[in-house]
Amino acid sequence: MNNGLAMANIKFVKENKEVVAADGANLREKMLQNGIDLYTFTGKMMNCGGYGQCGTCIVQIVEGMENLSPRTEVENRKLKKKPQNYRLACQTLVNGPVIVATKP
């Protein structure tokens, strides 16, 4: 590893794209920086800007759940009826390799 910085590769299955992030990177920010389409049409209009209020930035974690920050209280509320591998991108910090499916 160079300069002691760990890197986390994020692979997006539907887009067939892989991006590199520093450990602790916010998933939503990395997606936006790399032009990964995060929102459905409604989400584009209604998203809260990354505060966990709207619940429109849902992603499905295909692999690497153990490399993510734990679900927040906000996520537990918003994703109550969703599978455990669904996350809100704005609430998720990436600490290692992960594979993500957008707009599940």
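Here, every reference points to the structure presented above.
Here we summarise the structure given alongside this text. For clarity, every value in this text was computed on a predicted model and none was experimentally measured.

## Quick notes on the state of the cysteines
- Taken as a whole, this structure holds zero disulfides when the rule is applied.
- You can see Cys57 has no disulfide; the closest cysteine sulfur is in Cys90, sitting 3.8 Å from it.
- Judged by relative accessible area, Cys57 falls into the buried class, the value being 3%.

## A word on the sheet that holds strand E4 (residues 58-63)
- With respect to topology, five strands assemble into an open sheet ordered E2-E1-E7-E4-E5, the strand pairing being mixed. Each edge of the open sheet is held by one strand with a lone partner, namely strand E2 (17-22) and strand E5 (86-88). Each strand axis lies, on average, 35° off the axis of its neighbour in the sheet, ignoring direction.
- In this sheet, E5 lies alongside E4 in antiparallel orientation, the contact comprising three bridges.

## Quick look at unusual backbone geometry
- Although it is not a glycine, Asn16 sits at a positive phi angle of roughly 50°.
- Within the element layout of this structure, Asn16 appears in the loop between strand E1 (7-12) and E2.
- Exposure remark for Asn16: the relative accessible area of 72% places this residue in the exposed category.
- Here Lys103, not a glycine, exhibits a phi torsion of approximately 45°, which is positive.
- Position of Lys103 relative to the elements: it lies in the segment after strand E7 (98-102).
- Of the residues examined, Lys103 reaches a relative accessible area of 31% and is grouped as partly exposed.

## Considerations on the nonpolar core
- With 25 residues, the main nonpolar core has Ile10, Phe12, Leu27, Met31, Val59 and Val100 as its most contacted residues.
- The residues contacting Leu27, other than those within four sequence positions of it, are Ile10, Phe12, Val59, Ala89, Thr92, Val94 and Val100.

## Quick word on a nonpolar patch on the surface
- On the surface, Phe41, Met45 and Met46 cluster together into a nonpolar patch covering about 390 Å² of accessible area.
- Mapping Met45 onto the fold places it in helix H2 (residues 41-46).
- In this structure Met45 comes out as exposed when scored by relative accessible area, which is 56%.

## A look at the side chain of Gln91
- Mapped onto the elements of the fold, Gln91 is located in the loop between E5 and strand E6 (93-94).
- Its relative accessible area of 16% is what places Gln91 among the buried residues.
- A polar contact of 3.2 Å, which involves the side chain of Gln91, links it to the side chain of Thr72.

## A closer look at the environment of Arg71
- When you line up the elements, Arg71 lands in the loop between E4 and helix H3 (73-78).
- C-alpha separation for the pair Arg71 and Arg87, spaced 16 residues apart in sequence, amounts to 7.3 Å.
- Look past the residues within four positions of Arg71 in its chain and what remains in contact with it is Asn76, Leu79, Lys82, Pro83, Gln84, Tyr86 and Arg87.
- There is a polar contact of 2.9 Å between the side chain of Arg71 and the backbone oxygen of Pro83.
- Looking at Arg71, its side chain comes within polar contact range of the main-chain oxygen of Tyr86, at 3.0 Å.

The rules behind each value
- Residues numbered from 1 in each chain as written.
- Predicted model: local features only at pLDDT ≥ 70, side-chain atom pairs only at ≥ 80, totals over all residues.
- Heavy atoms only, no water.
- Disulfide = S-S within 2.5 Å.
- Buried < 20%, exposed > 50% of the residue type's maximum accessible area, 1.4 Å probe, protein only.
- Pairing = 2+ DSSP bridges.
- Helix = DSSP H or I, 4+ residues; strand = E, 2+ residues; numbered from the N terminus.
- Axes fitted to C-alpha atoms, helices over the stretch in contact; angles between N-to-C directions.
- Core = buried A, V, L, I, M, F, W, Y, C linked by side-chain atoms within 4.5 Å.
- Contact = heavy atoms within 4.5 Å.
- Patch = residues over 30% accessible without salt bridge, like charges linked within 9 Å, V, L, I, M, F, W, Y side chains within 5 Å.
- Areas by Shrake-Rupley, 256 points an atom, 1.4 Å probe, with all protein chains shown as cover.
- Salt bridge = Lys/Arg side-chain N within 4 Å of Asp/Glu carboxyl O.
- Polar contact = N/O pair within 3.5 Å; in protein donor to acceptor, adjacent residues only side chain to side chain.

Remember, this is a structural readout, not a statement about activity or role.
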